[in-house]
Each structure stands twice: as C-alpha cells, then as structure tokens.
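Here are the chains, one letter per residue:
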Amino acid sequence: MFDFSIILQEWPTYLQGLGNTVWLVAVSLILGLSIAIPLGICRNSTNPLLRLPAWAYIYFFRGTPMLVQLFIIYYGAGQWDGLRNSWAWEWFQEAWFCALLSFTLNTAAYTAEIVRGAIRTIPKGEIEAAQAFGMTPWQTMTCILLPSALRRALPAYSNEVIFMLHGSAVAGIITIVDLTGAARIINARYYSPFEAFLTAGVLYMVLSLCIVWVFRRLEQRWHVHLRPRSV
Amino acid sequence: MFDLKGYEASLLEGAWMTLQVSLLSVVLAMVLGMIGAVSKLSRYRMAKRLATLYTTVVRGIPDLILMMLLFFGGQVFVNFLCTQINEHLNDWVLQGNAQHEWTAYVPEYVDISPFIAGVLTIGFIFGAYMTETFRGAILAVDRGQLEAAAAYGMTPWQVFRRVLFPQMVRHALPGFGNNWLVLLKTTALVSVIGLDDMVRKAGLAAGTTQLPFTFYMAVALIFLVFTAFSTTLLKWAERHYSIQTR
C-alpha cells in the first residue's frame with residue numbers, strides 16, 4: 001500500500017517546495033516585523049488618529065482567515081481597472097507576489113498585537129527613570145522601551161513564526177510550488193496521498209523544530225536577566 | 001461596492017455551512033482535548049506518551065496538510081479496507097460453499113464527504129490545542145480540594161462534576177476562546193477539499209459575476225461578524241464564571 005520510492009524519485013520537487021516555503025516565510029516575517037513595530041506603537045498611542053487606524057487594521061487581519069485575505073489580493077486585484085492599467089499590475093499577476101503581500105500584511109497584524117502587549121506590560125519605573133535622565137521620547141522608545149519589550153515578546157513571537165510557517169501552506173493553493181504545492185503535484189501525478197502528504201508533513205515538522213530550537217537559543221541569550229538567580 | 005447580484009442567499013447558505021462545520025468540530029475537539037488532557041496527567045506511561053505524540057505531531061504539521069492527508073488518504077484507505085473485507089469474506093464463504101457467487105458485502109467504493117472529512121480533521125487538529133488548554137486548567141485547580149472531595153466519599157465522577165469541572169472552566173475559558181477563534185478561521189480551508197462553504201460559494205459567484213474582490217470581501221466581513229459575536233459571548237462567559245472569585 002505504501003510506496004515511498006516515489007518520494008526518492010521526486011525529491012527535487014520537494015526540495016524546490018522547501019526552498020520556496022522557507023524564503024516566502026522568511027521574507028514575509030522580516031517585512032511584517034518592520035511594519036509591526038511602528039504599528040504596535042501606534043496602537044498604544046494616545047492620539048486617536050494613530051490608534052484607531054492601527055486598531056482597524058489589526059482587527060481586520062486577525063479576524064479573517066488568511067486564505068480569504070490571499071484570495072482578496074490574488075483574485076480580487078483584477079476587479080480594479082485603475083490597478084490593471086498601472087505598473088503594479090505586473091506584480092499582482094504573479095502568484096508569489098500576492099502570497100508574499102498577504103503573508104506580510106497578516107503577520108504584521110499579529111506581530112503588532114504582540115508588540116503592543118509587550119510595550120503595555122513594561123514597568124512604569126523604567127519609563128520614568130528614562131525621563132528623569134532627560135531622555136527625549138524618541139530616545140526612551142529606542143533605547144529603553146523597545147529593547148526590553150521585544151525581548152519579552154520573544155516567546156509569543158516564536159509562536160507567531162510557527163503559525164506563519166503553517167499558514168504559508170495556503171500558498172500551495174494558488175499554483176505556487178511550496179511544500180504543500182509539491183505534495184499536491186506528487187499526489188496528482190501518482191495518486192498516492194499518504195506518501196505525498198506525509199513527506200510534506202514531516203518536512204514541515206522538521207522546519208517547526210528548527211524554529212523552536214533557534215528561539216530557544218535566542219531566549220537563552222536575551223533572557224539571561226530574567227532567569228531565576230542561582231545562589 | 002456591495003452589490004451581490006442576487007448571490008446573497010447563496011453566500012448565507014455557505015455561511016451556515018461554515019458555522020455547522022465549526023460547531024461540530026469544536027465539540028469533537030473538546031472531547032478529544034478532555035481525553036488528551038486526562039491522559040497527559042494520568043499515571044499510565046503509555047497514555048502519557050500517546051497524548052504527547054498526538055499534540056506534538058498535530059502542532060508540528062500545518063492544518064491544510066493534515067486535512068488533505070485525511071481527505072485524500074482516508075479515501076484511499078477506506079477503499080483499500082473495503083476491498084480487503086470483500087475479498088476475505090468471499091474467500092471464507094467460498095470455502096464452505098463451492099457454488100458461492102462473488103458478492104460485495106460492503107460497498108466497493110465509498111465516497112468520503114468533504115463535510116465529514118472537514119469536521120474530523122479540524123476536530124482532530126484542535127483537539128491537540130484543547131489538550132494543552134485543558135491540561136493547564138486542570139493543573140490550576142487546587143489539589144487539596146480534590147483530595148478533600150475524595151475524603152468526603154465522593155466518587156471520581158462526583159469529584160469531577162462538583163469540584164474539578166466548575167473551577168476548570170474558569171481557567172480554561174481564555175485559552176478555549178482563542179482556540180475557537182482560530183478554529184473558526186481554519187474552517188475556510190475546507191473549501192479547498194470541495195465543501196460548499198462560504199469561501200467556495202464566493203468563488204463560484206465571483207466566477208460568474210467577475211467581481212472577486214466584492215465577494216471575498218463579503219466573506220471576510222461575515223467572518224468578522226462571527227468573530228466579533230464570539231468575542232462578546234466569550235467575554236460574557238468569562239465574567240459569568242469568574243463571579244465567585246471576585
């Protein structure tokens with residue numbers, strides 16, 4: 001019933017899928033994080049002109065499925081004549097660009113919420129101390145608030161990275177050959193769902209374990225000050 | 001922008017399907033989660049190991065892959081099983097009666113419905129997340145209270161019903177709420193294996209009207225309504241169950 005020789009034969013497809021999954025997730029995480037930090041700060045702002053748009057953005061992207069977001073961008077873009085006639089249309093025709101865009105916007109929303117939580121739980125004394133030292137609000141933010149908040153956000157962020165890896169599987173639906181796409185190709189070619197999807201599942205699992213390992217190392221490095229003191 | 005060209009009813013039908021899948025799978029997930037949590041906390045090493053394997057595997061593999069594995073793989077597996085059963089039964093009858101003609105005792109080909117496959121997979125996946133939530137909630141209940149209840153002569157079921165469960169709910173609710181919100185969004189994936197849920201209905205409508213943005217946006221808004229409603233309900237439940245601790 002099982003015939004894993006197919007996989008040995010078709011490993012280049014999986015390798016290609018693995019590569020595509022890794023770069024899609026990595027690039028969207030980096031872009032998403034760079035949007036998320038200002039977004040998280042806006043979400044905490046006392047100015048409603050900054051806070052409300054950030055709230056609406058986060059609410060929309062966290063409240064709807066990533067598959068639907070991807071479809072809105074990939075299929076929905078064609079509905080706008082203005083977009084079709086502009087230079088951007090060339091990009092929106094590419095499945096990988098749409099996937100990258102929707103993943104980035106999605107992870108930015110989730111990460112912004114993590115950043116917001118981390119900033120909110122910062123001890124008041126740290127901010128007051130910074131102000132007492134005569135730091136400007138910008139200095140307080142970049143030298144005191146963010147370094148401490150981002151460190152404490154690390155465990156929550158590692159969860160987000162794994163969710164992103166798993167969420168990226170939807171890229172396989174819009175013709176991208178990521179790990180899921182590779183498994184679908186093999187399944188369609190040989191009608192052997194167990195071999196095809198189990199292999200992809202194992203590869204995803206290995207990636208997840210790698211992420212867990214990397215974050216454990218990062219936590220060891222950056223959470224030294226939080227560890228219980230040994231006598 | 002939101003002229004749905006007469007597809008409102010179709011979309012609502014899809015939304016009802018999405019809701020059905022979510023509700024049925026969350027019930028399954030709770031049952032599996034409770035079994036998983038109890039196994040993880042039990043004295044039996046085998047049960048512990050199995051539960052740990054379950055949660056690790058499920059949380060390491062994307063839901064879409066698991067869904068396709070169960071849907072396409074389940075199809076192959078069930079048909080393989082049916083053929084085997086038929087062969088064996090016929091062989092066995094043929095030994096007793098040489099005149100026996102080959103008959104199909106179980107159907108030769110069984111179609112797994114996307115609805116059942118969807119509910120089973122989503123329930124199975126979120127059972128693993130619920131296991132972790134429930135495990136934490138059980139651990140948060142004071143051991144001494146359980147011992148006291150047992151000392152009063154309550155049966156294990158009574159201890160569960162009167163002491164453990166009411167307190168567990170309080171600790172489990174926030175985690176349960178998160179899981180439910182993620183589950184609700186995950187159901188969008190069943191459209192990929194062919195279930196006529198709201199995403200697929202929107203896709204069909206978008207195909208004929210050439211208005212994909214409008215229809216997928218409408219789906220997104222319906223999902224927002226679902227999540228907003230759930231959050232309100234969950235907040236109320238959390239308040240309700242925390243009254244005694246205030």
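Here the structure is a predicted model, which is why all the values come from computation and not from measurement.

### With respect to the overall build of chain B
When you go through chain B residue by residue, the secondary structure sums to 8 helices and 0 strands. When the helices and strands of chain B are read in sequence order from the N terminus, they spell out α-α-α-α-α-α-α-α. Compactness check: chain B gives a C-alpha radius of gyration of 23 Å against a globular reference of 18 Å for 246 residues, more than 25% above the reference.

### Remarks on the nonpolar core
If you look at the biggest cluster of nonpolar residues, it comprises 114 residues, and the most contacted ones within it are A:Val68, B:Ile65, B:Tyr216 and B:Val219. Per element, the largest residue contribution to this core is 12 residues, and it comes from helix α7 (residues 95–120) of chain A. Beyond its immediate chain neighbours, meaning those up to four positions away, B:Val219 contacts A:Val68, B:Met198, B:Val199 and B:Ala202.

### A look at the interface of chain B and chain A
With 29 residues of chain B in contact, the opposing surface of chain A contributes 29 residues. Elements represented by at least two residues in the side of chain B that touches chain A include exactly α3 (63–96), α7 (198–209) and α8 (212–242) of chain B. The greatest single-element share of the side of chain B that touches chain A, amounting to 10 residues, is contributed by α8(B). Taken together, the residues of the side of chain B that touches chain A break down into 23 nonpolar, 4 polar and 2 charged.

### Comments concerning the environment of A:Gly63
Mapped onto the secondary structure, A:Gly63 falls in helix α3 (residues 48–63). Contact partners of A:Gly63, with chain neighbours within four places excluded, come to B:Phe223, B:Leu224 and B:Thr227.

### Points about the confidence of the model for chain B
Predicted confidence across chain B gives a mean pLDDT of 88, with 98% of residues reaching 70 or more. The secondary structure element of chain B with the lowest average pLDDT is α3(B), at 86, and the one with the highest is helix α1 (residues 8–41) of chain B, at 93.

### Observations regarding the environment of B:Gln210
All names here are of chain B. As for its position among the elements, glutamine 210 is in the loop between α7 and α8. Here glutamine 210 falls in the exposed class, since 9 other C-beta atoms lie within 10 Å of it. The sequence separation of glutamine 210 and glycine 127 amounts to 83 residues, and the corresponding C-alpha distance is 39 Å.

Cut-offs used in this document
- By convention here, each chain's residues receive numbers from 1 onward along its written sequence.
- Chains and ligands are labelled sequentially in the order written, the chains with letters from A and the ligands with numbers from 1.
- For a predicted model such as this one, the threshold for reporting local features is a pLDDT of at least 70, and the threshold for listing and counting side-chain atom pairs is 80 or more; totals across whole chains, interfaces and linings nevertheless cover every residue.
- Secondary structure elements are defined from DSSP: runs of H or I of at least 4 residues count as helices, runs of E of at least 2 residues count as strands, and each element is numbered from the N terminus.
- Radius of gyration means the value over C-alpha atoms here, while the globule rule gives 2.2 Å times the residue count to the 0.38 power.
- Residues enter a nonpolar core if they are buried, belong to Ala, Val, Leu, Ile, Met, Phe, Trp, Tyr or Cys, and are joined to the set through C-beta atoms within 7 Å.
- In this scheme the burial state of a residue depends on its C-beta neighbours within 10 Å: 20 or more other such atoms mean buried, 12 or fewer mean exposed, and anything in between means partly exposed; the C-beta positions come from the backbone.
- Note on contacts: each residue gets a C-beta atom placed from the backbone, and two residues are in contact if those atoms are within 7 Å.
- Any residue that is not Ala, Val, Leu, Ile, Met, Phe, Trp, Tyr, Cys, Pro, Asp, Glu, Lys or Arg is counted as polar, Gly included; the first ten are nonpolar and the last four charged.
- Each residue carries a pLDDT value, the predictor's own confidence for that position, ranging from 0 to 100.

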